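Reading the structure
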Amino acid sequence: MSEPVTFIHLTDLHVGNPAVPDDHLYSDTTTTLRRILAEIKTLVPQPKFIVASGDLTNRGDAASYENLKAILAEAGLDIPILFALGNHDRRDGFYPTMLGRSDNLNAPYDHAAVIAGIHVITLDSSVPNKIGGAFEAGQLDWLKAELDSHAELPKLLVMHHAPALDTHNPDMEWESLSYADTESLRQAVAGKNVIGILSGHIHYDRVSNWYGIPTVVGIGQHAATDVTWLHEGLRMLDGAAFAIGTLRPSGLSITFAPQAATRQPLHSFTWVGMTEALKKYEADTAVAAAE
Ligand SMILES: [Fe+2]
């Protein structure tokens, strides 16, 4: 690889179903996605691929995926898009609508592709009706086999939940991949030419060096976590961004493309009572999914 290869990292699209009111949708994600796709269309040269690292929709219902599909079609981009699933997605909503698949609707969505000399490995870290991430039986074995294939190629991992940076506070495990799977992932990727991990979930731009691997999370397109308020709790502001990745012989760089934003508060929770509130949210989501 001598010429730079560019790609796009989208995350947390949270596309809604315009026909159904949604108390948990705080911004016009349809308009934001349309605007971001229009910006991507102006890039020269055009990126080789787009990754969308989960929370593609806000509720995971088929109509929301239909809306996502329509927005993508309307944008008219001639660029492959690789989807990961997040905690707001539902496999039984995603598979039939986005892939036309009618069997095995509860299986995790893991897939890999080689594009422009990059081996992109997408892992499903979502756990039905849970906010935090984890792997199911078999996913790590699949990952290890992928990491051993195309050994000469740089590998990019895409997963909604980034590995945990701190693993001492069980009350915060919902922010990341589970602590146990973070450790398993660390062992699996060691020495395997992983040039980066692209994630979302926590809705702010953050770049970390995780055991030597650049690990990137993005604000996404729904609402931006106020990083100046994290000592109190979660305050979501008006704000969105996407990122442009560039792989050169010297390594990977990530350039953030923020959208115009008022930074007005949209919603907030304090940490007091948060653990109970999150459990209630998971229970409510499970009930809604069962209806
Ligand atoms: Fe999200």
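First things first, this report covers the structure right here in the doc. Note that residues are indexed from 1 along each chain, following the sequence as it is written. Given that the model is predicted, a residue must reach a pLDDT of at least 70 before its local features are reported, and side-chain atom pairs must reach 80 or more before they are shown or counted; all residues, however, enter totals for whole chains, interfaces and linings. The basis for every side-chain value is the complete set of heavy atoms in the structure, and neither hydrogens nor water enter the calculation.

Observations regarding the overall build of the chain
This is how the line gets drawn: The numbering of helices and of strands both runs from the N terminus, where a helix is a DSSP run of H or I of at least 4 residues and a strand a run of E of at least 2. With C-alpha atoms as the basis for the radius of gyration, the globule rule is written as 2.2 Å multiplied by the number of residues raised to the power 0.38. For every residue, the accessible area (1.4 Å probe, protein chains only) is compared with the maximum for its type, and the residue is labelled buried under 20%, exposed over 50%, or partly exposed between those bounds. What makes two residues a contact is simply this: any of their non-hydrogen atoms within 4.5 Å. For the accessible areas, the method is Shrake-Rupley and the probe is 1.4 Å, while residue cover comes only from the protein chains on display. Positive residues here are Lys and Arg, negative ones are Asp and Glu, while His and the chain termini are left out of the count. Here the site of a charge means NZ on Lys, CZ on Arg, CG on Asp, or CD on Glu.
A tally of helices and strands in the chain yields six helices and 14 strands. In summary, the chain has a C-alpha radius of gyration of 18 Å against a globular reference of 19 Å for 291 residues, a match within 12%. In the chain, which comprises 291 residues, the proportion classed as buried is 51%. For the chain, the share of sequence-separated contacts (at least 6 apart) that also reach a separation of at least 24 residues comes to 71%. Working note: accessible area of the chain is about 13000 Å², and carbon and sulfur atoms make up 53% of it. Taken as two groups, the 20 positive and 35 negative side-chain charges of the chain have centres that lie 3 Å from each other.

Some words on the packing of aromatic side chains
Note on aromatic pairs: each is described by the distance of the centres and the angle between the planes. For clarity, the cut-off: Pairing of aromatic side chains here covers Phe, Tyr and the six-membered ring of Trp, requires ring centres within 6.5 Å, and sorts the geometry by plane angle: under 30 degrees stacked, over 60 edge-to-face, intermediate tilted. Placement of a positive charge over a ring is assigned whenever Lys NZ or Arg CZ falls within 6 Å of the ring centre and within 35 degrees of the normal to the ring plane.
Within the structure shown, the criterion is met by eight aromatic pairs. Between the aromatic rings of Tyr-95 and Tyr-109, the centroid separation amounts to 5.7 Å while the plane-to-plane angle is 90°, which identifies the pairing as edge-to-face. Highlighted residues: Tyr-95 in helix 3 (residues 91-99) and Tyr-109 in the loop between helix 3 and strand 4 (111-115), separated in sequence by 14 residues. Here Tyr-109 falls in the buried class, since its relative accessible area comes to 12%. Three or more aromatic residues joined by ring pairs make a cluster, and in this case those are Tyr-65, Phe-83, Phe-94, Tyr-95 and Tyr-109. Its guanidinium or amino end placed over the ring of Tyr-95, Arg-101 lies 3.8 Å from that ring's centre, counting from NZ or CZ. Just above the ring of Tyr-211 sits the side chain of Arg-186; from NZ or CZ to the centre is 4.8 Å.

Notes on the pairing of strand 3 (residues 81-84)
Put simply, the rule is: Paired strands, in this sense, are two strands between which DSSP finds at least two bridges.
In this sheet, strand 3 lies alongside strand 2 (residues 50-53) in parallel orientation, the contact comprising four bridges. Counted as the bridge partner of Ala-52 is Phe-83 from strand 3.

A word on the sheet that holds strand 10 (residues 224-225)
In space, the three strands of this open sheet follow the order 10-11-14, with antiparallel pairing throughout. Each end of this open sheet is capped by a strand with a single partner; those strands are strand 10 and strand 14 (265-270). Pairing between strand 11 (residues 233-237) and strand 14: five bridges, direction antiparallel. Looking at strand 14, one finds that Leu-234 is bridged to Phe-269.

Points about the coordination of the iron ion
Our working rule: Counted as donors are the N, O and S atoms within 2.8 Å of the metal, or 3.2 Å for Na, K and Ca, while water is not among the atoms, so some sites may look incomplete. Here a site with four donors is tetrahedral if all angles are between 85 and 135 degrees, and a site with four or six donors is square planar or octahedral if opposite donors are over 155 degrees apart and the other angles are between 65 and 115; anything else gets the irregular label.
Looking at the metal site, the iron ion is ligated by Asp-12 (OD), His-14 (NE2), Asp-55 (OD) and His-203 (NE2), spaced 2.0 to 2.2 Å from it. Coordination at the iron ion is irregular: its four donor atoms span angles of 87 to 173° at the metal. Motif for the iron ion, donor spacing along one chain: D-x1-H-x40-D-x147-H. One end of the pair, His-14, is in the loop between strand 1 (5-10) and helix 1 (29-41); the other, Asp-55, is in the loop between strand 2 and helix 2 (62-75), with 41 residues separating them in the sequence. We classify His-14 as buried; its relative accessible area is 1%.

Considering helix 5 (residues 179-189)
An α-helical turn contains 3.6 residues, so a residue and the one three or four places further along point in the same direction. Of all the positions in helix 5, only Tyr-179, Asp-181, Thr-182, Leu-185, Ala-188 and Val-189 are classed as buried. Those residues of helix 5 that are buried lie in contact with helix 4 (139-148), strand 6 (155-159), strand 7 (194-199), strand 8 (206-210) and strand 9 (213-217). Backbone geometry just downstream of helix 5 places Gly-191 in the positive-phi region, at approximately 75°.

Examining the sheet that holds strand 1
Within a sheet, each strand pairs with its neighbour through backbone hydrogen bonds, oriented either parallel or antiparallel. Selection criterion: Throughout, an axis means a line fitted to C-alpha atoms (over the contacting stretch in the case of helices), and angles, computed between N-to-C directions, take values from 0 to 180 degrees.
Spatially, 3-2-1-12-13 is the arrangement adopted by the five strands of the open sheet, whose pairing is mixed. The sheet is open, and its two borders are formed by strand 3 and strand 13 (251-258), each paired with just one other strand. The average undirected angle you get between the axes of adjacent strands in this sheet is 20°. When strand 1 meets strand 2, the two strands line up parallel, connected through three bridges. Along strand 2, the bridge assignment pairs His-9 with Val-51.

Points about unusual backbone geometry
Note that the residue after Val-44, namely Pro-45, is joined by a cis bond; omega there is -5°. With respect to the element layout, Pro-45 can be found in the loop between helix 1 and strand 2. Its identity is not glycine, yet Arg-263 carries a phi of approximately 60°, on the positive side. In this structure, Arg-263 sits in the loop between strand 13 and strand 14.

Worth remembering: the numbers are spatial, not functional.
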